[in-house]
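Architecture and fold: a report
If you want the building blocks of each chain, they are given just below.
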Amino acid sequence: MKKIIFVLLLSVSIGCKSTLTKSDKIKGNLKELVNIMQGYYSSEKQSLEDKEYYNISLHMTPIWKTKGNYLFVEQALFDKQDKPYRVRVYKVYQNKNGHFISEIYSIKSEKDWIGKWATPSFYDNLTEADIELKKGCEVVLQRIAKNHFEGQTGNKTCPSELRGATYATSIVTVLQNKLISWDQGFDAADKQVWGATKGAYIFEKIKE
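Computed from a predicted model, the values in this text were never measured in an experiment. (Residues numbered from 1 in each chain as written. Predicted model: local features only at pLDDT ≥ 70, side-chain atom pairs only at ≥ 80, totals over all residues. Heavy atoms only, no water.)

1. Section: the overall build of the protein
In terms of helices and strands, the protein carries two helices and 13 strands. For the protein, the proportion of its 208 residues judged to be buried stands at 39%. A separation threshold of at least 6 residues defines the contact pool for the protein, and within that pool the share at least 24 residues apart is 44%. Within the structure as shown, the protein displays about 12700 Å² of accessible surface, and the carbon and sulfur contribution to it stands at 55%. (Helix = DSSP H or I, 4+ residues; strand = E, 2+ residues; numbered from the N terminus. Buried < 20%, exposed > 50% of the residue type's maximum accessible area, 1.4 Å probe, protein only. Contact = heavy atoms within 4.5 Å. Areas by Shrake-Rupley, 256 points an atom, 1.4 Å probe, with all protein chains shown as cover.)

Given below as structure tokens:
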């Protein structure tokens, strides 16, 4: 009788442990993704090896920590960091299917926020009313291994008017010390009109 009771208690204990571990794992994987995304990146190494690629700086700064997982993103030519060509807010979360979603938001008054990544607390003044969701431009990622996530945008779901484009695509790989991103714009005839043509940009992390 004592043996049966012990087995039952052991089964219950294992079941509870399994449930908690799964929940903790989900939260842990999301935290892992957000942690490795943030930082200061540069494509300098790639630009020196292949002149078809520019030296680009990329800042991904965590903001609004009490509201969720948000990153302020600024991307610019290395020698023109005072004039970034991309200023965004990313919201990172996990959906019910287990995929990791990076929603993209534009900022209504970009010039007011440029270069403030050196003082992250400045972004406390930025509100949700100041940003606007770019519908269809979210990147859907999957965890491949520890500190390794891969994903992309939907098929022709992200509208773009840059340089005659009608839609844009992004293919992304996030690693512990590297972010690989291939952003391209296409016109109505599916002809590429902007973005790298040979392959993705490789951003090496310089600083957390």
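2. Let's talk about the environment of Val174
Tracing the sequence through the fold places Val174 in strand β10 (residues 167-175). Given a relative accessible area of 2%, Val174 falls into the buried group. Separated by 141 residues in sequence, Val174 and Leu33 place their C-alpha atoms 7.8 Å apart. Excluding residues within four positions of it along the chain, Val174 makes contact with Leu33, Ile36, Met37, Leu141, Asn147, His148 and Phe149.

3. Describing the pairing of strand β1 (residues 39-42)
On β1, burial covers both faces: Gly39 and Tyr41 on one face and Tyr40 and Ser42 on the other are all buried. Bridging between β1 and strand β2 (residues 56-63) involves four bridges; their strand directions are antiparallel. Bridge pairing links Gly39 to Met60 in β2. (Pairing = 2+ DSSP bridges.)

4. Regarding the pairing of strand β4 (residues 86-94)
Examined bridge by bridge, strand β3 (residues 70-77) and β4 share six bridges and lie antiparallel to one another. Note that in β4 the partner of Gln75 across the bridge is Arg86. Adjacent in sequence and paired antiparallel, β4 and strand β5 (residues 100-107) are bridged by five residues, among which Gly98 carries a positive phi angle near 90°.

5. Things to note about the nonpolar core
Core analysis: the biggest nonpolar cluster contains 30 residues, and Leu33, Met37, Met60 and Val174 have the highest contact counts within it. Within the residue set of this core, elements represented by two or more residues are α1 (2-37), β2, β3, β4, β5, β7 (139-145), β10 and β13 (201-207). At five residues, the largest contribution of residues to this core is made by α1. Listed in part, the 12 residues of the second largest apolar core include Ile63, Tyr70, Val87 and Ile131. (Core = buried A, V, L, I, M, F, W, Y, C linked by side-chain atoms within 4.5 Å.)

6. Quick word on the state of the cysteines
A covalent bond bridging the sulfur atoms of two cysteines is what the word disulfide describes. Overall, the coordinates contain one disulfide when judged by the stated rule. Linked covalently through their sulfurs, Cys137 and Cys158 form a disulfide whose S-S length is 1.9 Å. On the S-S bond that ties Cys137 to Cys158, the torsion sits near 85°, and the link is right-handed. Linking Cys137 in the loop between β6 (131-133) and β7 with Cys158 in strand β9 (residues 158-159), this pair joins segments that are 21 residues apart in sequence. Here Cys137 falls in the buried class, since its relative accessible area comes to 6%. The class for Cys158 is buried, based on a relative accessible area of 8%. (Disulfide = S-S within 2.5 Å.)

7. Side note on the pattern of salt bridges
In the structure shown here, the tally under the stated rule is eight salt bridges. A salt bridge links Asp50 to Lys198, with the nearest nitrogen and oxygen atoms 2.6 Å apart. In this pair, Asp50 is assigned in the loop between α2 (44-49) and β2 and Lys198 in the loop between β12 (192-195) and β13, connecting sequence segments 148 residues apart. Glu110 is the salt-bridge partner of Arg88, the closest N and O atoms lying 3.7 Å from each other. Taken together, the positions of Arg88 in strand β4 and Glu110 in the loop between β5 and β6 put the pair 22 residues apart, joining distant regions of the chain. A relative accessible area of 17% places Arg88 in the buried class. (Salt bridge = Lys/Arg side-chain N within 4 Å of Asp/Glu carboxyl O.)

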